[in-house]
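Residue-level structural notes
Residue-level listing of the chains:
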Amino acid sequence: MTSVRADLAPTGVLRASINLGNPVLAQGTPEEPAGVTVDLARELARRLDVPLELVCFDAARKSFEALTTGQADVCFLAIEPARADQVAFTAPYVIIEGVYAVRRESDLEQVSDVDRAGVRVGVKRGSAYDLYLTRTLQNATIVRGDEGTDVFLAEGLEVAAGIRQPITRFVAEHPEVRLIDERFMEIRQAVGTTRTRHPDTVAYLHAAIEDLKASGFVADALIRSDQPDAAVAPPA
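Definitions and cut-offs
Along every chain, residues carry numbers that run from 1 in the direction the sequence is written. Local features are withheld for residues below a pLDDT of 70 in this predicted model, meaning they are given only at 70 or higher, and side-chain atom pairs are given and counted only at 80 or more; totals for whole chains, interfaces and linings count all residues. In computing side-chain properties, one takes all heavy atoms of the structure into account and sets aside hydrogens as well as water. Put simply, DSSP H or I for four residues or longer makes a helix, DSSP E for two residues or longer makes a strand, and each gets a number counted from the N terminus. Radius of gyration: C-alpha atoms only; globule rule: 2.2 Å multiplied by the number of residues to the exponent 0.38. Working definition: with a 1.4 Å probe on protein chains only, accessible area under 20% of the residue-type maximum means buried, over 50% means exposed, and in between means partly exposed. Residue contacts follow a heavy-atom distance rule, with two residues in contact if any of their heavy atoms lie within 4.5 Å. By the counting scheme adopted, Arg and Lys are positive, Glu and Asp are negative, and His together with the chain ends is not counted. In plain terms, the charge of a residue is placed at NZ if it is Lys, CZ if Arg, CG if Asp and CD if Glu. Pairing of aromatic rings covers Phe, Tyr and Trp, the last counted by its six-membered ring, and requires centre-to-centre distances within 6.5 Å; plane angles under 30 degrees mean stacked, over 60 mean edge-to-face, and any other angle means tilted. Joining through side-chain atoms within 4.5 Å is the link that ties buried Ala, Val, Leu, Ile, Met, Phe, Trp, Tyr and Cys residues into a set, and such a set is a nonpolar core. Any pair of nitrogen or oxygen atoms within 3.5 Å is treated as a polar contact; in protein, a donor-acceptor pairing is required on top of that, and neighbouring residues in sequence qualify only through side-chain atoms on both sides.

Quick look at the overall build of the protein now. Secondary structure assignment for the protein yields 10 helices and 12 strands. In terms of overall size, the protein behaves like a compact globule, its C-alpha atoms giving a radius of gyration of 18 Å where 236 residues would be expected to give roughly 18 Å. For the protein, the C-alpha atoms occupy an extent of roughly 60 × 35 × 35 Å along the three principal directions. Per-residue burial over the protein gives 54% buried out of 236 residues. Within the protein, contacts between residues at least 6 apart in sequence are counted, and of these 70% link residues at least 24 apart. Across the protein, the centroid of the 25 positively charged side chains sits 2 Å from that of the 35 negatively charged ones.

Right under this line is the structure:
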């Protein structure tokens, strides 16, 4: 444990990067963050017997940058090939879904309809679904903004992409918009640290997350943060 502690928290404090831009995983303010990722960070610090510092951001790309530039020791991000060359991920602890919203009169009815010439898809810049759609869409055009729904409205785009829960709320608030219920991707949220860590440290994080899934800790944290629709990932 001493070697893992020294490797993972070399300053004597576990610095955890929190993405407040994903409301399924974190809520509140930088001064008073809450949610499953905050609970996981606190538990990891408790197990390591070190103080915790939460470094909060409003977007996944900023949380990723904090880890890779040495501002944080651990992060909570979706597993994505574009990140995996710099981040050593645990198995996922939560599975969420990426879905599309379209205008009510749109002829786009299912996920496969979206990838066609002339279709513009609004995404949150640097999000897991931005990275995924950049990799997989061949004909549609991606338009990036601070939020996919904001750029969808501001620029009159054909599609907005996002996480199911906030996209569902967006649709409920905008009667001129409807949901394509089929998911376009499964977003596997995991704990990550830099690939410079010792393999024993990465193995420790993996084992800790598996334990917290099996014990009900993750499920309880999701319920406490009013995210019962998010699914705990199966055992790895």
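Additional details are given in the paragraphs that follow.
Turning to the environment of Ala 190, a few remarks are in order. Summarising the element assignment, Ala 190 is placed in strand β11 (residues 177–194). We classify Ala 190 as buried; its relative accessible area is 0%. Apart from residues no more than four positions distant in its own chain, Ala 190 is found in contact with Cys 75, Phe 76, Leu 77, Ile 79, Phe 89, Thr 90, Ala 91, Pro 92 and Tyr 93.

Inspection of the secondary structure puts Ala 34 in strand β3 (residues 33–34). The exposure class assigned to Ala 34 is partly exposed, which follows from its relative accessible area of 34%. C-alpha of Ala 34 to C-alpha of Pro 23: the two residues are 11 residues apart in sequence and 9.9 Å apart in space. If sequence neighbours within four positions are ignored, Ala 34 has contacts with Leu 25, Ala 26 and Gln 27.

Once that is clear, we can look at the packing of aromatic side chains. Applying the stated rule across the entire model yields four aromatic pairs. When the centroid spacing of 6.4 Å and the interplanar angle of 85 degrees are considered together, the rings of Phe 76 and Tyr 93 count as edge-to-face. On the criterion of sequence distance, the pair formed by Phe 76 in strand β5 (residues 74–78) and Tyr 93 in the loop between β6 (87–89) and β7 (94–103) is long-range, its members being 17 residues apart. Residue classification places Phe 76 among the buried positions, given a relative accessible area of 2%. Aromatic side chains Tyr 132 and Phe 184 sit 6.4 Å apart centroid to centroid with 25 degrees between the ring planes, which places their arrangement in the stacked category. Highlighted residues: Tyr 132 in helix α6 (residues 128–136) and Phe 184 in strand β11, separated in sequence by 52 residues. Looking at Tyr 132, the relative accessible area reads 22%, which means it is partly exposed. The class for Phe 184 is buried, based on a relative accessible area of 8%.

One non-glycine residue, Asp 49, adopts positive backbone phi at about 60 degrees. What makes Asp 49 exposed here is its relative accessible area of 64%. Residues other than glycine seldom take positive phi values, yet Asp 226 does so here, at roughly 60 degrees. Along the chain, Asp 226 falls in the loop between α10 (217–224) and β12 (231–232).

Of all hydrophobic cores here, the largest spans 56 residues; its most connected members are Leu 14, Tyr 93, Tyr 100, Val 121 and Leu 133. Broken down by element, this core gets its largest block of residues, seven residues, from helix α2 (residues 36–48). Val 99, Ala 101, Val 151 and Phe 152 belong to the second-largest nonpolar core, a separate cluster that totals 11 residues.

Turning next to the side chain of His 174. Among the secondary structure elements, His 174 is positioned in the loop between α8 (164–173) and β11. A distance of 2.9 Å separates a polar atom in the side chain of His 174 from the backbone oxygen of Phe 170.

These figures capture arrangement, not role.
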